[in-house]
Amino acid sequence: MLTLYDHPLSPYAQKVKIALREKGQAFQAVAPGGLGAGGAQGDFLAANPRAEVPALVDGEVAIFDSTIILEYIEDRWPTPPLLPASPAERARVRMLEEVMDTHFEAINWGLSEIYWFHRAEGDLAQALIATAAEQTAGFFAWLESQLANRPWFNGESFGWGDLAVVAYLNGSVGHGNPPAEGSRLSDWLTRANARPSVAETTKEAGAAAAASAMPNVAELVKQGLFKREYRDHRLEWMIKSGGAQVVIDGLARDNIRFSPTFG
């Protein structure tokens, strides 16, 4: 049995779970202790010294970083294939994942900082929310161009390109920024969410959100029980989008940690 160190709300972990389910590979999802509080240890830390989810353990093999894990899954279980056949299409799909992981994710993260962690309020919060909505719309237009006339981002069938997008778009919907009704992107999202691999993963995320302490997490941060982690692309987004003061205030107040990596 594969072990996947996971948090159901992590879009990086969701990518991996969707891939494993598309491959028909059973796994045990483990939520490691210490996430968000700086207390990760034990087998999880041995599997990933960055103390981030996801991390996959396959017997004696341990892999971290969601993209590297996806590559391992594709190599380890090549059928059914998740990558397109041609080198050009494979490169397109990988670039799509890179944009979603390092640019689009930061927008949703920034909105979480406001809605869940209350890192900005009043006029600053409203300005950041408006900026995020504008940026999201811009990426939606780009995604429409990437989808073009394909039924799936991956091409003729669901695959790597689709699982690299769906969790992030579901996050946008949750933040009140859905694709325009009737658009190709909206139609794609409906079809992607209907796939069993995606539906099960999304259901787990919803259950985790309902059962978690997210409504109280802003207070946990103030008490030092939950630490904010500013990864490089997230820090860049906050500063470029007008939230530099959020970072400055947090350095003194909320135990912000900086990490140069992402999952």
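Residues numbered from 1 in each chain as written. Predicted model: local features only at pLDDT ≥ 70, side-chain atom pairs only at ≥ 80, totals over all residues. Heavy atoms only, no water.

The next thing to look at is the overall build of the protein chain. The helix and strand tally for the protein chain stands at 11 helices and 6 strands. Taking as baseline every contact in the protein chain between residues at least 6 positions apart, the subset at least 24 positions apart corresponds to 71%. Total accessible area on the protein chain stands at roughly 11900 Å², and carbon and sulfur atoms take up 56% of it. (Helix = DSSP H or I, 4+ residues; strand = E, 2+ residues; numbered from the N terminus. Contact = heavy atoms within 4.5 Å. Areas by Shrake-Rupley, 256 points an atom, 1.4 Å probe, with all protein chains shown as cover.)

Attention shifts here to the layout of surface pockets. Here the second largest pocket defines a volume of roughly 170 Å³. As for the second largest pocket, its lining consists of Thr102, His103, Ala106, Ile107, Gln135, Phe139, His233, Glu236, Trp237, Lys240 and Ser241. For the lining of the second largest pocket, the secondary structure elements donating two or more residues are α4 (87–115), α5 (122–147) and α10 (232–240). Grouping the constituent residues of the lining of the second largest pocket by class yields 4 nonpolar, 5 polar and 2 charged. (1 Å grid on protein atoms, 1.4 Å probe; cavity = no way out; pocket = protein on both sides within 12 Å on 5 of 7 lines; lining within 4 Å. Points joined across faces, edges and corners; volume = space filled by probe spheres on them. Nonpolar A, V, L, I, M, F, W, Y, C, P; charged D, E, K, R; others polar.)

The next subject is the packing of helix α1 (residues 11–23) against α4. In the contact formed by α1 and α4, the axes pass within 11 Å of each other and the chain directions differ by 155°. Overall, the two elements α1 and α4 adopt an arrangement that is roughly antiparallel. Residue-level inspection shows Pro11, Tyr12 and Lys15 of α1 in contact with α4, the latter providing Glu97, Asp101 and Glu105. (Axes fitted to C-alpha atoms, helices over the stretch in contact; angles between N-to-C directions. Parallel < 35°, antiparallel > 145°, perpendicular 65-115°, else oblique.)

Core analysis: the largest hydrophobic core is formed by 54 residues, its most contacted members being Leu143, Leu169 and Trp188. Ranked by residues supplied to this core, first place goes to α4 with 10 residues. With residues near it in sequence (within four places) discarded, Trp188 still touches Leu147, Pro151, Trp152, Phe153, Asp162, Val165, Val166 and Leu169. Core analysis: the second largest hydrophobic core is formed by 6 residues, Ala47, Val53, Ala55 and Val57 among them. (Core = buried A, V, L, I, M, F, W, Y, C linked by side-chain atoms within 4.5 Å. Buried < 20%, exposed > 50% of the residue type's maximum accessible area, 1.4 Å probe, protein only.)

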